[in-house]
Amino acid sequence: MDSAIAEWHLQVALLNYRLDNPGAFVQHRSGRTIYSSGYIRTVLNHLDQWAGCLERFCTLSEVPYPTLEGWKRKDAVQPYIPAPKRPIPPIDSNLSCWTSIILSGSRQLSCPVFLRC
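For the structure given in this document, a descriptive report is provided here. (Residues numbered from 1 in each chain as written. Predicted model: local features only at pLDDT ≥ 70, side-chain atom pairs only at ≥ 80, totals over all residues. Heavy atoms only, no water.)

Enumeration over the complete set of coordinates arrives at four salt bridges. Across the salt bridge formed by arginine 56 and glutamate 7, the nearest N and O atoms sit 3.0 Å from each other. Taken together, the positions of arginine 56 in helix H3 (residues 54–61) and glutamate 7 in helix H1 (residues 3–20) put the pair 49 residues apart, joining distant regions of the chain. Close ionic contact of glutamate 69 with lysine 72 constitutes a salt bridge, the shortest N to O distance being 3.2 Å. Here lysine 72 and glutamate 69 lie together in helix H4 (residues 65–77), a separation of three residues that amounts to about one turn. (Salt bridge = Lys/Arg side-chain N within 4 Å of Asp/Glu carboxyl O. Helix = DSSP H or I, 4+ residues; strand = E, 2+ residues; numbered from the N terminus.)

A separate point is unusual backbone geometry. One non-glycine residue, glutamate 62, lies in positive phi territory at about 60°. Locating glutamate 62 in the fold gives a position in the loop between H3 and H4.

Quick look at the packing of aromatic side chains now. With the rule as written, the count across this model stands at six aromatic pairs. Here the aromatic rings of tyrosine 17 and tyrosine 39 are separated by 5.8 Å at their centres, their planes lie at 45°, and the arrangement is tilted. One end of the pair, tyrosine 17, is in helix H1; the other, tyrosine 39, is in helix H2 (residues 37–49), with 22 residues separating them in the sequence. Their ring planes at 75° and their centres at 5.5 Å tell us that phenylalanine 25 and tyrosine 35 sit as a pair that is edge-to-face. Taken together, the positions of phenylalanine 25 in strand E1 (residues 25–27) and tyrosine 35 in strand E2 (residues 33–35) put the pair ten residues apart, joining distant regions of the chain. For the pair phenylalanine 25 and tyrosine 35, a shared accessibility class is recorded, and that class is buried. Cation over ring: arginine 18 sits above phenylalanine 25, and NZ or CZ is 3.6 Å from the ring centre. (Phe/Tyr/Trp six-rings, centres within 6.5 Å; stacked < 30°, edge-to-face > 60°. Buried < 20%, exposed > 50% of the residue type's maximum accessible area, 1.4 Å probe, protein only. Lys NZ or Arg CZ within 6 Å of the ring centre and 35° of its normal.)

For histidine 9, the position within the fold is in helix H1. Judged by relative accessible area, histidine 9 falls into the partly exposed class, the value being 41%. In this structure the C-alpha to C-alpha distance between histidine 9 and histidine 46, which are 37 residues apart in sequence, comes to 10.0 Å.

Tallied over the entire structure, the rule returns zero disulfides. In this model cysteine 53 remains outside any disulfide bridge; the closest cysteine sulfur is found in cysteine 58, 8.4 Å from its own. On the basis of relative accessibility, which here comes to 7%, the residue cysteine 58 falls in the buried class. (Disulfide = S-S within 2.5 Å.)

Turning next to H1. The terminal C-alpha atoms of H1 lie 26 Å apart, and with 18 residues this matches the ideal 26 Å at 1.5 Å per residue to within 8%. Buried within H1 we find Glu7, Leu10 and Leu14. The buried residues of H1 all sit within an arc of 65° when viewed along its axis, so they share a single face. Exposed and oriented more than 90 degrees from the buried face of H1 are Trp8, Leu19 and Asp20. Looking at the buried positions of H1, the neighbouring elements they touch are H2 and H3. (Expected span 1.5 Å × (residues − 1). Arc of directions from axis to C-beta. Contact = heavy atoms within 4.5 Å.)

The next point concerns the nonpolar core. As a rule of thumb, soluble globular proteins bury nonpolar side chains together. With 17 residues, the main nonpolar core has Tyr39, Val43, Leu47, Phe57, Leu68 and Trp71 as its most contacted residues. Discounting residues that sit within four places of it in the chain, tyrosine 39 has contacts with Leu14, Tyr17, Arg18, Ala24, Phe25 and Ser61. (Core = buried A, V, L, I, M, F, W, Y, C linked by side-chain atoms within 4.5 Å.)

Shape is all these values report; function is a separate question.
Laid out in structure tokens, this is it:
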């Protein structure tokens, strides 16, 4: 892939992550930046696929070189292991009408007739 296209894809992917996850990348007036664990993982995943210069990656991702190096060291010692998926418990048919609505995610404001509240 052309390097300009790869750079564009990296920036778009990281900016989309930041838009979808407010608080993933917070720059304070003091100059300090806070990164969420999910954002760090996303950056490291993109870094694994990056074929260009590391300094350019830092510039595009807006992550300082020493910070990225620290993340890489931690990741090498303690690699990411995704959490196991938790089973969703079955919904008991004896629940009240309103509890059923809340658990099902329904946006109705009144109890449906078929539930006979």
